[in-house]
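# Geometric and topological summary
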Amino acid sequence: MAGPTPIRPYLWFHDSAQEAMEYYVSVFPNSSIDQVTLYPDENLSEHFEGMGGKVINGEFTLNGTRFGCIDGGPAFTFNEAVSFVIECADQAEIDHYWQALSAVPEAEACGWCKDRFGVSWQVVPAGLDLLQQRPEQIQALMHMKKIVIAELEMAVA
């Protein structure tokens, strides 16, 4: 395992941390579940009640980036204020991640999608800034859900 990441995202799931880690590791290359600690005896703390068999601390790596997670119950949920950007090399890679991660069609816009766990992702081509040089390209992007590189390249007045 690589050395510590200066800043590491940590995700709070209601009760699906193990499932989420397994799913994400199946979607991203160069990924692994590195460590899973389950809640201890429920009698040790009122906070542990009902959490038997759930993840109190999970560590996983997605395409070289380390993450942490917990099953923390329903007190907090994900929203679009935080998202993870996936810079894709080509349309095939965009299509792969979009197919794997987009599970909430009403949340799709301009390359943003939300997965089945409620986590928001931006699935974008590397160099997206170069595909937003002209007003026509920006207008085309604003009408897209999944980004289609060829349409941005061909956008003209």
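For the structure, see preceding data.
The text that follows walks through the structure, step by step, so that each part is easy to find. Quantities reported herein were computed from a predicted structural model and do not represent experimental measurements.

## What to know about a nonpolar patch on the surface
Together, Ile-33, Val-36 and Leu-38 make up a nonpolar patch on the protein surface, roughly 210 Å² of accessible area in all. With respect to the helices and strands, Leu-38 occurs in strand E2 (residues 32-38). Judged by relative accessible area, Leu-38 falls into the partly exposed class, the value being 43%.

## Quick word on the environment of Ala-155
If you trace the backbone, Ala-155 turns up in the segment after helix H4 (149-154). Sequence spacing of Ala-155 and Ile-7 is 148 residues, and the spatial spacing of their C-alpha atoms is 38 Å. The contact partners of Ala-155, leaving out residues within four places of it in the chain, are Arg-134, Glu-136, Gln-137 and Ala-140.

## A few points about the sheet that holds strand E6 (residues 112-114)
The sheet built from three strands is open, its strands ordered E5-E7-E6 with mixed pairing. Each of the sheet's edge strands pairs with one partner strand only, and the pair in question is strand E5 (83-88) and E6. Here the average twist between neighbouring strands, direction ignored, is 30°. One ladder, built from three bridges, connects E6 with strand E7 (residues 120-125); its direction is antiparallel. In the strand pairing of E7, Lys-114 is matched with Ser-120.

## Remarks on the pairing of strand E3 (residues 55-62)
Here E3 lies mainly inside the structure; six of its eight residues are buried. The pairing of E2 with E3 spans six bridges and is antiparallel. Residue Thr-37 lies in a different strand from E3, and its bridge partner there is Asn-57. Pairing between E3 and strand E4 (residues 65-71): five bridges, direction antiparallel. Note on E4: the bridge partner recorded for Leu-62 is Thr-65. Linking E3 to E4, which pair antiparallel, is a turn of two residues; within it Asn-63 sits at a positive phi near 50°.

What counts and how
- Residues numbered from 1 in each chain as written.
- Predicted model: local features only at pLDDT ≥ 70, side-chain atom pairs only at ≥ 80, totals over all residues.
- Heavy atoms only, no water.
- Patch = residues over 30% accessible without salt bridge, like charges linked within 9 Å, V, L, I, M, F, W, Y side chains within 5 Å.
- Areas by Shrake-Rupley, 256 points an atom, 1.4 Å probe, with all protein chains shown as cover.
- Salt bridge = Lys/Arg side-chain N within 4 Å of Asp/Glu carboxyl O.
- Helix = DSSP H or I, 4+ residues; strand = E, 2+ residues; numbered from the N terminus.
- Buried < 20%, exposed > 50% of the residue type's maximum accessible area, 1.4 Å probe, protein only.
- Contact = heavy atoms within 4.5 Å.
- Pairing = 2+ DSSP bridges.
- Axes fitted to C-alpha atoms, helices over the stretch in contact; angles between N-to-C directions.

Worth remembering: the numbers are spatial, not functional.
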